[in-house]
Amino acid sequence: LERCKNSAGDNSCAFDSALLLFFLHKISSRKGKYQKSTKIQMSITPERLHNISRLKSPRTPTQDSPGSVACLRINEIVASVIEHNRKWISAVDKGSQFCSAIKNILTDILQSSVQTPYPETVSVYCNKLAILLTILVDVVSNAENSVVRLKSFAHVLEGNENIGTTWNMHRIVSALEAVIVSYKQEIETRKHIIENFAHSLTVDELLLYVCTWNSVMDVERDRELLFRMMMYEFSLTE
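Counting of residues starts from 1 at the beginning of each chain's written sequence and follows it residue by residue. With the structure being a predicted model, the display of local features is reserved for residues of pLDDT at least 70 and the display and counting of side-chain atom pairs for 80 or more, all residues being used for whole-chain, interface and lining totals. Water and hydrogen atoms play no part in the side-chain values, which are based on all heavy atoms of the structure.

## Some points on the pattern of salt bridges
As a reminder of what qualifies: When a carboxyl oxygen of Asp or Glu is within 4 Å of a side-chain nitrogen of Lys or Arg, the pair counts as a salt bridge. Strands are runs of DSSP state E lasting at least two residues, helices are runs of H or I lasting at least four, and both sets are numbered from the N terminus onward. The cut-offs for exposure are 20% and 50% of the maximum accessible area for each residue type, with area from a 1.4 Å probe on protein chains only; residues under the lower value are buried, those over the upper are exposed, and the others partly exposed.
Evaluation of the coordinates by the stated rule reveals 7 salt bridges. Between R223 and E186 there is a salt bridge, with the nearest N and O atoms lying 2.8 Å from each other. Residue R223 is found in helix α7 (residues 221–233), and its partner E186 is found in helix α5 (residues 169–196); the two are separated by 37 residues along the sequence. Among the residues examined, R223 registers a relative accessible area of 2% and is labelled buried. Of the charged contacts in the structure, one is a salt bridge between E224 and R223, with a shortest N-O distance of 3.7 Å. You'll find E224 and R223 in the same group, each marked buried. Via salt bridges that share partners, E186, R190, R223 and E224 belong to a single interconnected network.

Okay, here's the thing in structure tokens:
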């Protein structure tokens with residue numbers, strides 16, 4: 001600039017002056033961009049940290065209370081007992097078919113002139129009846145184990161606390177104990193039929209065994225009423 005003052009009118013001085021102004025303008029514009037960028041970063045950084053501070057750690061899922069877990073297990077136990085009772089009914093129905101088959105075979109033999117003491121076909125059906133008896137025994141065993149498991153939850157629940165719709169623990173246990181007594185009485189009757197049916201000497205004796213097998217469930221109809229009540233208490237379907 002000093003040189004331009006001393007040599008006014010010189011073309012090179014005018015060129016140098018224009019070039020200097022150009023560089024000053026560039027420097028000024030870069031400085032403005034840097035300051036603007038710094039302001040943006042300063043305004044963004046606190047906001048980003050603020051957003052991070054709002055993040056919450058995942059909540060640990062709450063554990064079920066002992067009473068809730070006990071009620072769930074009791075529902076499962078009752079459902080298992082009811083399902084095993086269906087197996088009992090199915091086994092008894094199949095037994096009725098086997099008894100009818102044995103009766104028909106032995107009736108023909110007893111009424112014929114040539115009698116075979118113990119035909120092979122009768123032996124097959126008797127073996128099937130024996131297998132059905134083991135199913136009934138398993139049902140009783142499951143019911144007995146269920147009572148033991150139910151009593152193990154007594155310390156968790158209050159004595160008068162309703163577990164079903166209206167039943168408390170004492171009512172459920174007493175119902176299952178009554179079912180077990182009924183089961184055992186019926187098993188003794190059916191076991192006697194299985195062991196002696198094929199050795200019948202008269203047609204009337206055959207008919208007696210068949211009728212007894214088919215009617216035992218009717219004698220124990222109070223047990224089926226208990227099962228219907230349990231299904232209602234725990235909202236179980238047939």
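On we go.
## Quick notes on the confidence of the model for the protein
Condition: Each residue carries a pLDDT score, the predictor's own confidence in it, on a scale running from 0 to 100. Pairs of residues are marked as contacts when any of their non-hydrogen atoms sit within 4.5 Å.
Looking at the protein, the pLDDT average stands at 80 and 71% of residues meet or exceed 70. The low-confidence segment residues 1–9, where pLDDT is below 50, has 6 contacts with residues more than four positions distant or belonging to other chains. Segment residues 38–62 is flagged for pLDDT under 50; beyond a separation of four residues in sequence, or across chains, it makes 1 contact in the model.

## What about unusual backbone geometry?
We note that S235 has phi near 55°; this positive angle belongs to a residue other than glycine. Note on placement: S235 falls in the segment after α7.

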